[in-house]
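Residues per chain, in single letters:
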Amino acid sequence: MLTIKLAFRNIVGAGLRTWLNVFVLSFAFVAILWIQGLINGQAKQIMNLMIDTELGGGQFWHKDYEPFDPLTLEESHGPVPAALEDLISSKRATPILITSGAIYPDGRVQSALLKGIDPDQVILDIPADILKKDSPVTIPALIGTRMAKQTKLMLGDYVTIRWRDIHGTFDAADIQIARVMNTNSPAIDMGQIWLPLDRMREMMQAPDEATLIVLEKDIQSVPGGSEEWIYRGLDFLLKDVVEIMKTKTASSSILYALLMAMALLAIFDTQVLSIFRRRKEMGTLMALGMTRGGVIKLFTLEGALHGILALIMGAVYGIPLLYLTAVKGLPLPTDAIDQMGIAMPSVLYPSYSLWLIGGTTFLVFITVTVVSFLPTRKIAKLKPTDALRGKLS
Amino acid sequence: MKNNVLIKTENLVKNYPMGGRKFTALNDINLSFNSGEFTGLVGPSGSGKTTLLNIVGALDNPSEGHAVVIGKDTSQLNHRESAQLRNEHLGFIFQTFNLLSVYNVFENVEFPLLLLGMSAEDRKKDVLQALEWVGLSDKVKSRPAQLSGGECQRVAVARAMVKKPKIVLADEPTANLDAANSYNILDMMVSLNKELNSTFLFATHDEKVIKYLRRVITLTDGKVVQDIEKTPEPNNA
């Protein structure tokens, strides 16, 4: 307690130098929390968005389905397994049939993914109910804004599509754009046309078939897979996003290291200067009866108190700042969302977990203490008589 | 008051390495000091006064021989025990005052009591008393930078005396003071010596200090060349 009191008196007595160090360190502390909060919030929002619009609570894939290889689509379909029929009929799972085809906007040809979805599905956040207005002659289609921009199609436009059924026969039909949806998930937009599942099955000559089956979120028990249908859990489906976030965290670590290095260098410099400038004071403390260990403890604690003051100062301006960004969010420009290529929220809400705050606080305090202690090791070799003369032995 | 031996040196030698050779700062010093003494080690620069004071103050160890201070052989003490001896029984007064610049007068004087683990109430009482001894009761909140040299040294005296130590070691205490302040400080020390029966041991070559001493030990080239008792001649000016 005595040492803490003395250390506190000393660093407060040091005036401006102390407060400058404390400010730089608190800035590093708040910046680390803010950036890491943004990354965490972004990861959480991306995953939620992907789950809501694309992945559901997991999927069953036809054994030949490989989303990154369009050539597999011709073969990757099969009858919906009996084990999933109950889930599908109770709207806790929804089948999707996918094939590759071509679209002819303004006489040009463009490849497209044709996806059949149940208009009554409630699992994915896709406005599929618009596909209900099915007539025997017109096939309603749902596209995203990116696809609309790419094909220059607008609401109500007719366009010809061509595809091959499961027997290899080419066929073509006109579709009408029933809605252009605005979505933050390019995975359900870019190069894709959503059609009613029943019409799609007719077009493909594949009654009751699907390419994949999306399960509801938070599903309690997942039916067992089969040789034909393989279960893909969220761990598998979100693997790429997790990897992207890891890379992002790693690259932001460089920034943390720079920020911390800047702050720690200031404290290290102060400590080294203290050891050299305050030798006489150390000698006096020893003459007055303080042990060498006590002097080391005092000087280390002085450095470590910079960390504590920085945490307090950081809390004073950091809490309102972080709270404000967490509540209001940070709007992202549309171009930035499209450039990411993955589902991205339009407003980013940082997420600060207790683990993040506690971990960062601990990290700052420990590194400051270590950096404060390193120069004080010189004191262990200090002879009181030399110190009193202002010499460093 | 009964006078007993507080400090005893036996065949004390202190050598310092100097290049490839050794320099002998103290050579075969045999002295003893009783409680209540007002004694000075005098001699020219380099004669070994400060070295002897440092060894007696457990700030340094002898190369040979022993210095027994309040029954403890300083050469046998570890760092912690030396610090404890200084903390409990020794007061130091330095030529350059050595006040802690970020503390005010009260805090500077309070410091040795904090190390002794005294309660806040007792500390306050003792500090105010010590400041009264040195006539600085009105400067409690001042920082060393706001004080004159004489006032700084009075704070240093209060800091040394606040714990009523058995021994006070003063290294050239008047070297940075003018004549008036020097006499003022010395008068104060004489009165505290009488009041508290603390042993005062000076290292000095200042004639003003020497006039006040009751015992003068002259050192030359690390040896005691004279050890005389004398009648002090306090300043009558």
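What counts and what doesn't
- Residues numbered from 1 in each chain as written.
- Chains lettered and ligands numbered in written order.
- Predicted model: local features only at pLDDT ≥ 70, side-chain atom pairs only at ≥ 80, totals over all residues.
- Heavy atoms only, no water.
- Helix = DSSP H or I, 4+ residues; strand = E, 2+ residues; numbered from the N terminus.
- Rg over C-alpha atoms; globule rule 2.2 N^0.38 Å.
- Buried < 20%, exposed > 50% of the residue type's maximum accessible area, 1.4 Å probe, protein only.
- Contact = heavy atoms within 4.5 Å.
- Areas by Shrake-Rupley, 256 points an atom, 1.4 Å probe, with all protein chains shown as cover.
- Lys, Arg positive; Asp, Glu negative; His and termini not counted.
- Charge placed at Lys NZ, Arg CZ, Asp CG, Glu CD.
- Patch = residues over 30% accessible without salt bridge, like charges linked within 9 Å, V, L, I, M, F, W, Y side chains within 5 Å.
- Salt bridge = Lys/Arg side-chain N within 4 Å of Asp/Glu carboxyl O.
- Pairing = 2+ DSSP bridges.
- Axes fitted to C-alpha atoms, helices over the stretch in contact; angles between N-to-C directions.
- Buried area = accessible area lost by both parts, 1.4 Å probe.
- Polar contact = N/O pair within 3.5 Å; in protein donor to acceptor, adjacent residues only side chain to side chain.
- Nonpolar A, V, L, I, M, F, W, Y, C, P; charged D, E, K, R; others polar.

Caption draft 1: Structural context of the overall build of chain B. For chain B, the count of helices and strands is seven helices and 10 strands. The C-alpha atoms of chain B give 17 Å as radius of gyration, which agrees with the globular expectation for 237 residues (18 Å, within 12%). In terms of overall dimensions, chain B has a C-alpha envelope of 50 × 45 × 45 Å along the principal axes. A burial count over chain B gives 57% of its 237 residues as buried. A sequence separation of at least 24 residues applies to 68% of the contacts in chain B between residues at least 6 apart. In the structure as shown, chain B presents an accessible area of about 10,200 Å², 46% of it carried by carbon and sulfur atoms. Placing the 27 positive and 27 negative side-chain charges of chain B at their respective mean positions leaves the two points 2 Å apart.

Caption draft 2: How the structure looks around a nonpolar patch on the surface. Residue and element names in this part refer to chain A. On the surface, Phe268, Phe362, Ile366, Val370, Phe373 and Leu374 cluster together to form a nonpolar patch covering roughly 520 Å² of accessible area. Top contributing element to the nonpolar patch by residue count: helix α11 (residues 354-376), with five residues. By the element assignment, phenylalanine 373 lies in helix α11. With a relative accessible area of 37%, phenylalanine 373 lands in the partly exposed category.

Caption draft 3: Inspection of the sheet that holds strand β7 (residues 167-171) of chain B at higher detail. All names here are of chain B. Read from one edge to the other, the open sheet built from six strands follows the order β6-β7-β8-β3-β9-β10, with strand pairing classed as mixed. Of all strands in the sheet, those bounded by a partner on one side alone are β6 (90-93) and β10 (223-229). Taking each pair of neighbouring strands and ignoring which way they run, the sheet shows an average axis angle of 15°. Two elements, β6 and β7, share four bridges in a ladder whose sense is parallel. Across the sheet, residue glycine 91 finds its bridge partner in β7, namely valine 168. Those strands touched by helix α2 (residues 79-89) are β6 and β7, and its axis lies near 80° from that of β6.

Caption draft 4: Expanded view of the environment of isoleucine 217 of chain B. All names here are of chain B. Looking at the element boundaries, isoleucine 217 is found in strand β9 (residues 215-220). By relative accessible area, which is 0% here, isoleucine 217 ends up buried. In this structure the C-alpha to C-alpha distance between isoleucine 217 and histidine 205, which are 12 residues apart in sequence, comes to 11 Å. With near-sequence residues (within four places) excluded, isoleucine 217 lies in contact with Leu31, Phe33, Thr39, Gly40, Leu41, Val42, Val224, Gln226 and Asp227.

Caption draft 5: Quick peek at the interface of chain A and chain B. Opposite the 22 residues of chain A that make contact, chain B presents 24 residues. Between chain A and chain B, roughly 2,200 Å² of surface is buried when both sides are summed, and carbon and sulfur atoms account for 63% of that area. Of all residues in chain A, Arg9, Ala287 and Leu288 of chain A bury the most surface against chain B, accounting for 28% of the area lost on that side. Between chain A and chain B we count two salt bridges in total. Here chain A is connected to chain B by six residue pairs in polar contact (both at pLDDT 80 or more). Those elements giving two or more residues to the side of chain A that touches chain B turn out to be α1 (2-13), α8 (279-287) and α12 (384-388) of chain A. Each residue belonging to the side of chain A that touches chain B can be placed in one class, and the counts come to 10 nonpolar, six polar and six charged.

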